[in-house]
Structures are given as C-alpha cells and as structure tokens.
Amino acid sequence: MNRITEEQYQFALERVEELLPLVKEDTPLNDKHAIELTMMSDIVIAYEKEHYPIEKPTVAELLELSLEEKGITQKQLAMEVGVSPSRISDYISGRSEPTLRIASILCRVLDIQPAAMLRL
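Described in the following lines is the structure provided in the data block.

Criteria and thresholds
In this convention, every chain numbers its residues from 1, walking through the sequence in written order. Only residues with pLDDT of at least 70 get local features here, since the model is predicted, and only at 80 or more are side-chain atom pairs given and counted; chain-wide, interface and lining totals rely on the full set of residues. Water and hydrogen atoms were dropped before computing side-chain values, which therefore reflect all heavy atoms in the structure. Note on conventions: DSSP H or I runs of at least 4 residues are helices, E runs of at least 2 residues are strands, and numbering of each starts at the N terminus. For the radius of gyration, the atom set is restricted to C-alpha positions; the globular benchmark scales as 2.2 Å times the number of residues to the power 0.38. Accessibility here uses a 1.4 Å probe with only protein chains present; expressed as a share of the type maximum, an area under 20% marks a residue as buried, one over 50% as exposed, and anything in between as partly exposed. Contact criterion: two residues are considered in contact whenever any of their non-hydrogen atoms come within 4.5 Å of each other. Accessible surface is estimated by sampling points in the Shrake-Rupley manner with a 1.4 Å probe; for residues, cover comes only from the protein chains shown. Residues scored as positive are Lys and Arg, those scored as negative are Asp and Glu, and His as well as the terminal groups of each chain are ignored. Lys charges are placed at NZ, Arg charges at CZ, Asp charges at CG and Glu charges at CD. Here, a salt bridge means any side-chain nitrogen of Lys or Arg that lies within 4 Å of a carboxyl oxygen of Asp or Glu. Only residues whose relative accessible area exceeds 30% and that form no salt bridge are eligible for patches; like-charged ones are grouped when within 9 Å, while nonpolar side chains (Val, Leu, Ile, Met, Phe, Trp, Tyr) are grouped when within 5 Å. What we call a nonpolar core is a set of buried Ala, Val, Leu, Ile, Met, Phe, Trp, Tyr and Cys residues that are connected through their side-chain atoms within 4.5 Å.

Time to look at the overall build of the protein chain. Within the protein chain, the secondary structure is distributed over seven helices and zero strands. When the elements of the protein chain are put in sequence order from the N terminus, they spell out α-α-α-α-α-α-α. Taken over the C-alpha trace, the protein chain has a radius of gyration of 21 Å; the compact-globule value for 120 residues is 14 Å, which it surpasses by more than 25%. When the backbone C-alpha atoms are referred to their principal axes, the protein chain occupies close to 60 × 35 × 20 Å. For the protein chain, the residues scored as buried account for 32% of the 120 residues in total. Here the contacts in the protein chain between residues at least 6 apart in sequence split such that 57% fall between residues at least 24 apart. A total accessible area of about 8700 Å² is found for the protein chain, and carbon and sulfur atoms account for 54% of it. Computed over 13 positive and 21 negative side-chain charges, the separation of the two mean positions in the protein chain equals 10 Å.

Written out as structure tokens, the structure is:
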C-alpha cells in the first residue's frame, strides 16, 4: 500500500464517522457500507500507526495504572508482594525495576500480562 496522505486520512476519518451509524451489529459483512467502513477504518489505523504511535508503558506506568485500576495502595501491594512499601515506591517512581521473581508476583497480584511487564 502506498503511503497515506494527511488528506486521505482526514477523508477516511470523516467517512468512518458517516458510516458508523449505518453499520449495526447485525449488518452482513458483505453489505456495501460494512465493506467501506472496514476499508476506511484500515486507512485510519494505518495512518495513525505511522504518525501517532502509542508507546508501550514503562514498568512504572504499568504499576501506577494497575494500582489505580485495582483501587489498592502501595502499602497494600507491598504486603501482598512481600516487599517494603519503599520498594514499591521505587518501582513506581522508576528508580528501580523489580527482579523477575518480584515482577512475576506483581503480574499475578495486579493481573498484568507478563509480556507487558517485560515490554515485549
């Protein structure tokens, strides 16, 4: 596929907005609007991947977001993991990173995919 221009991207983005109300859950995949929506969405996705890439979160960001999602404190996490609260604080601030053993426990406790923790 050739490089997508800003103009093409804007057109596709607008067209996606127009098509969304026309394509429902029960719309057949071979419906002309469904096909066009897929094509326009592919253009938008390709352009955004190239021009607006989303960086993978750091270990510190993962931990901070997970604590917020779970609604637990650093102290509670430290107790569950078996480390000091200051060690959790070090991980969240980015001053240090957990060992593989601790990272494994953090993944289990916070329900984080190990690949995310390893930044794969």
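Still to come is the rest of the account.
Turning our attention to the pattern of salt bridges. Opposite charge on two side chains lets them pair, provided their charged atoms get close. Applying the stated criterion to the full structure yields five salt bridges. Between Arg-15 and Glu-18 there is a salt bridge; the shortest N-O distance is 2.7 Å. Of the two residues, Arg-15 and Glu-18 both sit in helix H1 (residues 6-19), three residues apart, roughly one turn of that helix. For Glu-18, a relative accessible area of 47% translates into the label partly exposed. Between Arg-95 and Asp-90 there is a salt bridge whose closest N-O contact spans 3.0 Å. Judged by relative accessible area, which is 57%, Arg-95 ranks as exposed. When salt bridges with common partners are traced through the structure, they connect Arg-15, Glu-18 and Glu-36 into a single cluster.

Together, Glu-61, Glu-64, Glu-68 and Glu-69 make up a region of like negative charge exposed at the surface. Looking at where Glu-68 falls in the secondary structure, it is placed in helix H3 (residues 59-70). Since its relative accessible area comes to 65%, Glu-68 is described here as exposed.

The nonpolar side chains of soluble globular proteins are, as a tendency, buried together. In terms of nonpolar packing, the biggest core is built from 20 residues, with Leu-63, Leu-77, Val-81, Ile-88, Leu-106 and Met-117 touching the most fellow members. Taken together, the elements giving at least two residues each to this core come down to H3, helix H4 (74-81), helix H5 (85-93) and helix H6 (100-110). In terms of residue count, H6 provides more of this core than any other element does, seven residues in total. Setting aside residues up to four positions removed in sequence, Leu-77 forms contacts with Leu-67, Ile-72, Ile-88, Leu-106, Val-109 and Leu-110. Counting twelve residues, the second-largest nonpolar core is a separate cluster that includes Ile-4, Ala-12, Val-16 and Leu-19.

Shape descriptors only; they carry no functional weight alone.
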